[in-house]
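Here is what each chain is made of, one letter per residue.
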Amino acid sequence: MASEDVKASESAVTTIVNLAEEAKLAREGVKAPSLAILSICKSLVAGGVAGGVSRTAVAPLERLKILLQVQNPHNIKYNGTIQGLKYIWRTEGFRGLFKGNGTNCARIVPNSAVKFFSYEQASKGIIYLYQQQTGNEDAQLTPLLRLGAGACAGIIAMSATYPMDMVRGRLTVQTEKSPYQYRGMFHALSSVLRQEGPRALYRGWLPSVIGVIPYVGLNFSVYESLKDWLVKARPFGLVEDSELSVTTRLACGAAAGTVGQTVAYPLDVIRRRMQMVGWKGAASIVTGDGRSKAPLEYTGMIDAFSKTVRHEGFGALYKGLVPNSVKVVPSIAIAFVTYEMVKDILGVEFRISD
C-alpha cells in the first residue's frame, strides 16, 4: 500500500513537472518572436544612430568632396580642403557647410541601420555554412569571409536607399544660381520622377554597387580582423582583459575607412557624375553656379570613365580624395564605435565580431 502511495506521488510530481515544462516552453514560444523582433529593432536603432552621428560630424567635408567631384575643370572654384571650406563659409555661411545634410541623414540612417543588421545576419549565415562545410563547429570568420559578409551588407543597404543618395547629391551641389531649384528631399524625388522617370533615381547604381563591394567589405573585414589580431597578439599593451579601449577601436575604424575608400574612390566619382546627368539642362560636370564649358553626357559607366580620363586626366578619378580621406577616417571610426556603444546601452548581446 505504501509503495502504491509512493508511486502515485511520484506520478503526480512527474505530471506536475511535465506540465510546468510544457507551460514554460509555451511561454518561451510566445515570447521568442517578440524578443527576436525587439533584438532586430535594437540592432537597427544602433545602426541608424551610428550613421546619423558619424555623418553629421563630417557633413562639411562630405559636401566639399561632392563639389570637388563634379567641379568643372574650366571654372575652378574649390582648390583644396581649407580653401574650399573657407569659400563655402564666405559665400553661403554656416548653413552652407551643412547643406544637404538633412537629406544625407535621411538616407544614411536607414542605410547604416540596414548595413549593420545585414552584416550581422550575413555573418551568421556564412559562418554556419562554413562550419557545416568544414565540420568544425568552433570555426570563426576569416578576413575573406568577413569581406563577403560586408559586401552583401553593402549591396543590400546601397540598393535599398539609392534614390535618397541620388537626390542628396543634387541637393548638395545646388546653389542659388543652379539651373533648377529643389526645395527639399521630397520635392527633389518627385521632380526627378516627373521629369526624368523612375530609372533616373537609380542612375549610377552600377558603379555604386561595384564600388560598395570593396568599400563596405573592406571596412568590416579590416575593422574586425584588426580587433581580433589586437586581442590575440596584445601588442604595445593596448589590450586589457580582452577588451579594446574606445581610442583603439577608433584607430581600427580609421584604418578600415582609409583602406576601403582608397580602393573604391574612383567608382564614387563616376557614380556622382552620372547622377548629375539629365538635371534640367545642367551639364554632367556642373559648377557652383550651374554653368559648364564641357557639356558631356554619359551613356554608361564605361563611357563616364573614359570621358573623364580623356578630358581631365586620370587624376580626375581622385578629385576630392583629400577631404574625403579627412572625412572617412573619423566617420567610419565614429560609426563603428557608436554602433557598439549604443548596442551595449540597449543591452544587445550580439556584436558584429561574433
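Definitions and cut-offs
Residues numbered from 1 in each chain as written. Predicted model: local features only at pLDDT ≥ 70, side-chain atom pairs only at ≥ 80, totals over all residues. Heavy atoms only, no water. 1 Å grid on protein atoms, 1.4 Å probe; cavity = no way out; pocket = protein on both sides within 12 Å on 5 of 7 lines; lining within 4 Å. Points joined across faces, edges and corners; volume = space filled by probe spheres on them. Helix = DSSP H or I, 4+ residues; strand = E, 2+ residues; numbered from the N terminus. Nonpolar A, V, L, I, M, F, W, Y, C, P; charged D, E, K, R; others polar. Salt bridge = Lys/Arg side-chain N within 4 Å of Asp/Glu carboxyl O. Buried < 20%, exposed > 50% of the residue type's maximum accessible area, 1.4 Å probe, protein only. Axes fitted to C-alpha atoms, helices over the stretch in contact; angles between N-to-C directions. Parallel < 35°, antiparallel > 145°, perpendicular 65-115°, else oblique. Contact = heavy atoms within 4.5 Å. Phe/Tyr/Trp six-rings, centres within 6.5 Å; stacked < 30°, edge-to-face > 60°.

1. Let's talk about empty space enclosed by the protein
Summed over all chains, the structure comprises four cavities of 30 Å³ or more. In this structure, the largest cavity spans a volume of roughly 590 Å³. Lining the largest cavity we find 38 residues, and of these Arg55, Met158, Tyr215, Val216 and Arg271 sit closest to its centre. Elements supplying a minimum of two residues to the lining of the largest cavity: helix H1 (2-57), helix H2 (59-69), helix H4 (101-134), helix H5 (143-173), helix H7 (205-233), helix H8 (246-276) and helix H10 (321-346). Residue composition of the lining of the largest cavity, by class: 16 nonpolar, eleven polar and eleven charged. There is about 50 Å³ of room inside the second largest cavity. Taken together, Ala59, Glu62, Arg63, Ile66, Lys99, Gly100, Asn101, Asn104, Arg168 and Thr172 make up the full set of residues lining the second largest cavity. No other element matches the four residues that H2 contributes to the lining of the second largest cavity. A per-class count over the lining of the second largest cavity returns two nonpolar, four polar and four charged.

2. Structural notes on the pattern of salt bridges
This model, assessed by the stated rule, comprises 14 salt bridges. For Asp268, the salt bridge identified is with Lys65, shortest N-O distance 3.1 Å. Taken as a pair, Asp268 in helix H8 and Lys65 in helix H2 lie far apart in primary sequence, 203 residues in all. Judged by relative accessible area, which is 13%, Asp268 ranks as buried. We classify Lys65 as buried; its relative accessible area is 3%.

3. Quick word on the side chain of Ser112
Among the structural elements, Ser112 can be located in helix H4. The exposure class assigned to Ser112 is buried, which follows from its relative accessible area of 3%.

4. Comments concerning the packing of H5 against H8
The contact between H5 and H8 brings their axes to 10 Å, and the two run at 70°. Between H5 and H8, the interaxial angle falls into the category roughly perpendicular. For the pair formed by H5 and H8, the contact residues are Met158, Tyr162, Asp165, Met166, Arg168, Gly169, Arg170 and Val173 on the first element and Arg271, Arg272, Gln275 and Met276 on the second. Residue composition of the contact of H5 with H8, grouped by class: five nonpolar, two polar and five charged.

5. Points about the packing of aromatic side chains
One pass over the structure, following the stated rule, counts eleven aromatic pairs. Ring geometry for Phe116 versus Tyr339: centroids 4.1 Å apart, planes at 15°, classification stacked. Separated by 223 residues along the polypeptide, Phe116 in helix H4 and Tyr339 in helix H10 bring together distant segments of the chain. The burial state of Phe116 is the same as that of Tyr339; both residues are buried. Taking 5.8 Å as the distance between ring centres and 20° as the angle between the ring planes, the aromatic pair formed by Tyr162 and Tyr202 counts as stacked. Of this pair, Tyr162 sits in helix H5 while Tyr202 sits in the loop between helix H6 (185-196) and H7, and the two are 40 residues apart along the sequence. In this structure Tyr202 comes out as partly exposed when scored by relative accessible area, which is 37%. Three or more aromatic residues joined by ring pairs form one cluster here, namely Phe116, Tyr119, Phe220, Tyr223, Phe336 and Tyr339.

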